[in-house]
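# Structural characterization, general
Spelled out, the chains give:
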Amino acid sequence: MSFGQFQNETYFLGLGGTRPALPVTAAGLEARARDTLAPEVFAYIAGGAGTERTMANNIAAFDEHWLVPRMWTGSSAPDGRDLSVTVLGTALPAPVLTAPIGVLELVHPDAERAVARAVAPLGVGSVLSTAASTTIEDYAATIAEAGGAPWWFQLYWPADDEVARSLVERAEKAGAAAIIVTADTPGMGWRPRDLELAHLPFLQAKGVANYFSDPVFRGRLQAPPEESEQARQMAVLTWVGMFGNHTLRPESISTLREWTTLPIAVKGILHPDDARAVVDAGANGVIVSNHGGRQVDGAIASLQALGGIVSAVGDRADVLLDSGIRCGSDILATRDLGAKAVLYGRPWVYGLGLAGADGVTHALRSLLADLDITAGMAGISRFTEA
């Protein structure tokens, strides 16, 4: 697939006076979203922990890594490069998956269904959040109806193993290709933008579709949440009581392995020793991530942690990077440091808020075209080549 065709399409449409409805850069999408979305919605997407130094450093860290283009390799031809990868046993047309971002009903009423309709025609991988506004089953059905594309399920492991197991089993039954368990969110970080607006969407029963639809979770309730407003609030309080699990340890991977046959990756790892521990415990992959700078202010950038983790476990597990990806050359930098793929977050969420599924498609096509063309100009014929 030549993702770079998006460039020619855009220029040819320009001959007829048509310009892109949305910006083609991550920064442009963010600026447009800031001017368009409700303040509490933009703050929830854009905000980070504390002074947001880590969030800024995720992007600034790429300034320390530069490409050395090679000439006359044939890669600049439209069919001269292959971006495909296989990660956690999943074949992908490009080394990009949409990051697991919850509560998308805040941004657009179609929420994750719009994401499914965007990724399927492109074949791009996606990761569905536990905190989704759309149930596991509905997401799977929507992505299948849109033509199909591989997707993974991200687990916020609740403080109730029976609920956790139910979520994992539902995901595997629905067709998820991997389970991504998040390690860096035993609770929520200190997020001033949300605090100043006193806005936590979960307390409004947003982002809890997978819980409210779960038979084990519902068995914990005195009344179904749809019965009354009081029942809904009691269900929210039940969710609050089980969000965040402080008992998890690397050995918990063996418990998760009893629940699923799918590949398992641990997301939120920044230290090589933590990477070794989860891989020793049975994880098939590690996602180097600081949660987009939303958890620990002052933590190192994900990119700064990548090389050490690849050295520690890259010969035994697939290593991916999350946090800070904004353009094609960023992805090539992670490749040079040993990552097999990346998770892409905020920019496509801005696209969702601005134009629904079309906005997600636009954000993804812009990134993939940038990656495709930049790889070709840099002399990279195959993404998986050293």
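Residues numbered from 1 in each chain as written. Predicted model: local features only at pLDDT ≥ 70, side-chain atom pairs only at ≥ 80, totals over all residues. Heavy atoms only, no water.

## As for the overall build of the protein
Helix and strand counts for the protein stand at 16 helices and 10 strands. Since a compact globule built from 386 residues should have a radius of gyration of about 21 Å, the 20 Å found for the protein is in line with a globular shape. Oriented by its inertia axes, the alpha-carbon framework of the protein measures out at about 70 × 50 × 40 Å. Taking all contacts inside the protein whose residues are at least 6 apart in sequence as the whole, residues at least 24 apart take part in 75%. With an accessible surface of roughly 16200 Å², the protein has 54% of that area assigned to carbon and sulfur atoms. (Helix = DSSP H or I, 4+ residues; strand = E, 2+ residues; numbered from the N terminus. Rg over C-alpha atoms; globule rule 2.2 N^0.38 Å. Contact = heavy atoms within 4.5 Å. Areas by Shrake-Rupley, 256 points an atom, 1.4 Å probe, with all protein chains shown as cover.)

## Some words on the sheet that holds strand β3 (residues 96-98)
An order of β3-β4-β5-β6-β7-β8-β9-β10 is seen for the 8 strands of this closed barrel, with the pairing classed as parallel. Averaged over all neighbouring strand pairs, the angle between strand axes comes to 25 degrees, with direction disregarded. Pairing of β3 with strand β10 (residues 341-344), which is carried by 3 bridges, proceeds in the parallel orientation. In the sheet register, Val96 faces β10, and the bridge partner there is Val342. (Pairing = 2+ DSSP bridges. Axes fitted to C-alpha atoms, helices over the stretch in contact; angles between N-to-C directions.)

## Here's the deal with the packing of aromatic side chains
Scanning all chains against the criterion turns up 9 aromatic pairs. For the ring pair Tyr211 and Trp239, a centre distance of 6.4 Å and an interplane angle of 80 degrees mean the geometry is edge-to-face. Residue Tyr211 is found in helix α9 (residues 209-212), and its partner Trp239 is found in helix α11 (residues 229-242); the two are separated by 28 residues along the sequence. An angle of 20 degrees between the planes, with centres 6.0 Å apart, marks the rings of Phe212 and Phe217 as stacked. Of the residues examined, Phe217 reaches a relative accessible area of 0% and is grouped as buried. Members of the aromatic cluster, each reached through a chain of ring pairs, are Tyr156, Phe202, Tyr211, Phe212, Phe217, Trp239 and Phe243. The ring of Tyr44 has Arg294 lying over it, and the distance from NZ or CZ to the ring centre is 5.0 Å. Residue placement shows Arg335 over the ring face of Phe383; its charged tip is 5.8 Å from the ring centre. (Phe/Tyr/Trp six-rings, centres within 6.5 Å; stacked < 30°, edge-to-face > 60°. Buried < 20%, exposed > 50% of the residue type's maximum accessible area, 1.4 Å probe, protein only. Lys NZ or Arg CZ within 6 Å of the ring centre and 35° of its normal.)

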